[in-house]
Amino acid sequence: MRPTFLGFETQKRTLQIAQKNLDVTGNNISNINTPGYTRQRVDLYSMYVSGNRSMRWSSPTNNLSMQGQGVNAYGVSQLRDIFIDKRYRENVAVEAETSTKMKILTDIEDELDNFESDGLQYHVQQFFNALQDYSVEKPDSADVAKIVTNTAVNLCRLLNDYDTQLKQIESTYVGELTDTVDYINKIVEEMNVLNDKIAKEKIHYAEEYGPNELYDQMNLYIDELATYGNIEFWQNSNGTYSVKMANVEILNGEEFKTNRLIMKDYETNGRAVVFFESGVDMNLTSGALKGYIDMINGNGVYATGGQNSTHGIAYFKTAVDEFARTIANVFNTANGATDDASRMMFAPDVEGALITAGNIHVADAWQEDPTMIGQVRIYDEQRGIYRYGFDEKKDDVFTGEGDETDKDNTSENKNLQNTNVLYLISQFNNKALEFGNCHDFNGSVYEYISFISNRLGQTINYENSRNETAMMTVDGLLDARDDISGVQMDEEGINMLNYQKWYNASSRMVTTLDDLLDKLINGTGRVGL
């Protein structure tokens, strides 16, 4: 016969395991709304009994081993799918990257939204119309000429505003990038502290198991870190986690070391530079951090010195600068500035500086004499150069630079012509203009405005399409992960009823064994009982 109390030991263990399953089920239900909680399960196995003959019943007719010794548990595990976790973290990085780019591009669009409506194109058209009116009505009139100058001033002010607004966007997102780098470092430091707790707790568990609640917290950190960049992670033998970002280790769980991110001063470098404390450059393939860097450093075909080819803030700043510079060069050249520097229509704030959208303004000479664009180009045979003045054929007087007779002439009594003004007007439809030293675009002024507006729209559409695809994938993976790791109330309710029945049946078995033992002790050997 088997040992008398072996059945009690089996049922005691069965009651304990049933109780543990009820405990774990209750814990699952309690944490149904806890962020990051992973559904837990008791891993069961049937008790193994050695096949040694000393453990078998002694009987000449039986050779039965000690089978049927009940159930035991390895431990409490978490229900997670590593493959789904990996795919989720890869795709959430793409979603975060495109969301960041969309946010920045939308801000750029808000500032440049009126490019083709009541903004740049409108003021260019106003300048064009004013030149036409001046050429038709009265080229000798300073009042009419002043209207042309005023429309040019408004155009310059608009370009100045574009420059200011784009710089504000740039400053805002450089600040956000700085905060993001600091926050990532904070997350990694907290993960390092958590690794220390996990290592201290893990020594009390079997190899396959560990402190599930600490693992949940670590997985929350990994999920959040995945939104900032492409990461890899793995669990070490001591239960801790190590993480790589952009293929560079930022957290070493075995040595409890971190590799901080460092951002250089933006004003000093003129671009966003983020690298690792170990000295390795960052080369991200996805994530919000990449979104910020791409959009801040993205300068399209103008990219130099560590910038990238994305059409970001830098590109649209450059595009507006190139527009201002091209407009200034075209009209200055058309008005004879190549022959005479005083003929400049547009100039930078500081003499000799490169014209940009931020410093372009109407030249002082043009503001002082709005009719200068109506003067006629005349060849000075004595000096062998071209000069500009009124029509000497009509007035029979030449007033050029250094001509004393010019001192007595005012714009009202000068006889001016529309020849030069018509030439200026023709530049608006000149399809041979080159915008950008990298030949970003060849065409007319109006075509370039449409080109920049379309490029912004196309970039937004592209990133929006990527974002929608990533969001759909992430939502699907979240649903798949919830199906495995999330707590389902109906399922846990069914489990609770099953475990309760199991516990009740096991309790009844103990009562039955007690009756058998009572019979054995009190009834064996007594006749008639």
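Preceding block: the structure.
Cut-offs applied
- Residues numbered from 1 in each chain as written.
- Predicted model: local features only at pLDDT ≥ 70, side-chain atom pairs only at ≥ 80, totals over all residues.
- Heavy atoms only, no water.
- Helix = DSSP H or I, 4+ residues; strand = E, 2+ residues; numbered from the N terminus.
- Buried < 20%, exposed > 50% of the residue type's maximum accessible area, 1.4 Å probe, protein only.
- Contact = heavy atoms within 4.5 Å.
- Areas by Shrake-Rupley, 256 points an atom, 1.4 Å probe, with all protein chains shown as cover.
- Pairing = 2+ DSSP bridges.
- 1 Å grid on protein atoms, 1.4 Å probe; cavity = no way out; pocket = protein on both sides within 12 Å on 5 of 7 lines; lining within 4 Å.
- Points joined across faces, edges and corners; volume = space filled by probe spheres on them.
- Nonpolar A, V, L, I, M, F, W, Y, C, P; charged D, E, K, R; others polar.
- Axes fitted to C-alpha atoms, helices over the stretch in contact; angles between N-to-C directions.
- Parallel < 35°, antiparallel > 145°, perpendicular 65-115°, else oblique.
- Left-handed = near helix turned anticlockwise from the far one by under 90°.
- Core = buried A, V, L, I, M, F, W, Y, C linked by side-chain atoms within 4.5 Å.
- Salt bridge = Lys/Arg side-chain N within 4 Å of Asp/Glu carboxyl O.

Asks: With reference to specific residues and values, describe the overall build of the protein chain.
Replies: Counting its regular elements, the protein chain contains 13 helices and 14 strands. Taken over 529 residues, the protein chain has a buried fraction of 47%. Sequence-distant contacts, at least 24 apart, represent 65% of the contacts inside the protein chain between residues at least 6 apart. Counting every atom, the protein chain has about 27100 Å² of accessible surface; 49% of that belongs to carbon and sulfur.

Asks: Please provide a residue-by-residue account of the pairing of strand β4 (residues 241-245), values included.
Replies: β4 sits mainly inside the fold: four of its five residues count as buried. Bridge analysis of strand β3 (residues 231-235) against β4 gives five bridges, and the strand direction is antiparallel. Opposite Phe 233, over in β4, you have Val 243 as the bridge partner. Count of turn residues in the β3/β4 antiparallel hairpin: five residues, of which Gly 239 carries a positive phi of about 90 degrees. Pairing analysis gives three bridges linking β4 to strand β5 (residues 248-252), with the strands arranged antiparallel.

Asks: Please give an account of the environment of Gly 298 that cites residues and values.
Replies: The topology assignment puts Gly 298 in the loop between α7 (288-297) and α8 (313-334). With a relative accessible area of 0%, Gly 298 lands in the buried category. For the pair Gly 298 and Ser 309, spaced eleven residues apart in sequence, the C-alpha to C-alpha distance is 5.5 Å.

Asks: Which residues make up the layout of surface pockets, and what are the values?
Replies: Roughly 790 Å³ of volume is contained in the largest pocket. The element best represented in the lining of the largest pocket is helix α2 (residues 82-112), accounting for six residues. Taken together, the residues that form the lining of the largest pocket break down as nine nonpolar, ten polar and nine charged.

Asks: Explain the packing of helix α3 (residues 120-136) against helix α4 (residues 142-202) to me, and be specific about the residues and the numbers.
Replies: Axis separation between α3 and α4 bottoms out at 8 Å; the angle between their running directions is 165 degrees. With respect to α4, the element α3 is oriented roughly antiparallel. For the element pair α3 and α4, the recorded crossing hand is left-handed. Each of Leu 120, His 123, Val 124, Gln 126, Phe 127, Ala 130, Leu 131, Asp 133 and Tyr 134 in α3 lies in contact with α4, whose residues at this interface are Val 144, Ala 145, Ile 147, Val 148, Thr 151, Ala 152, Asn 154, Leu 155, Leu 158, Leu 159 and Tyr 162. Looking at the contact of α3 with α4, its residues break down into 15 nonpolar, four polar and one charged.

Asks: For the packing of α8 against helix α12 (residues 445-485), give the residues involved together with the corresponding values.
Replies: Relative orientation and spacing of two packed helices are given, respectively, by the angle between their axes and the distance between those axes. Interaxial distance between α8 and α12 falls to 12 Å at its minimum, and their mutual angle equals 175 degrees. Between α8 and α12, the crossing angle belongs to the class labelled roughly antiparallel. Taking contact as the criterion, the partners of Tyr 315, Phe 316, Ala 319, Glu 322, Phe 323 and Ile 327 in α8 are, on α12, Val 445, Tyr 448, Ile 449, Phe 451, Ile 452, Arg 455 and Leu 456.

Asks: Outline the nonpolar core, supporting the account with residue identities and numerical values.
Replies: Note on soluble globular proteins: their nonpolar side chains tend to be buried together. If you look at the biggest cluster of nonpolar residues, it comprises 106 residues, and the most contacted ones within it are Phe 127 and Phe 346. The element best represented in this core is α4, accounting for 22 residues.

Asks: Quick one: what's the story with the pattern of salt bridges, residue by residue and with numbers?
Replies: As enumerated under the stated definition, the model contains 25 salt bridges in all. Where Lys 86 meets Glu 90, a salt bridge forms, and the shortest distance between an N and an O atom there is 2.5 Å. On the criterion of helical spacing, the pair formed by Lys 86 and Glu 90 is a turn pair, its members being four residues apart in helix α2. The closest approach of N and O atoms between Arg 455 and Asp 440, which form a salt bridge, is 3.2 Å. Here Arg 455, found in helix α12, pairs with Asp 440, found in the loop between β13 (433-435) and β14 (441-443); they are 15 residues apart in sequence, far enough to count as distant. According to the relative accessible area criterion, Arg 455 is buried, its value standing at 18%. Each of Glu 97, Lys 101, Lys 290, Asp 294, Glu 463 and Arg 466 takes part in a single network of salt bridges with overlapping partners.

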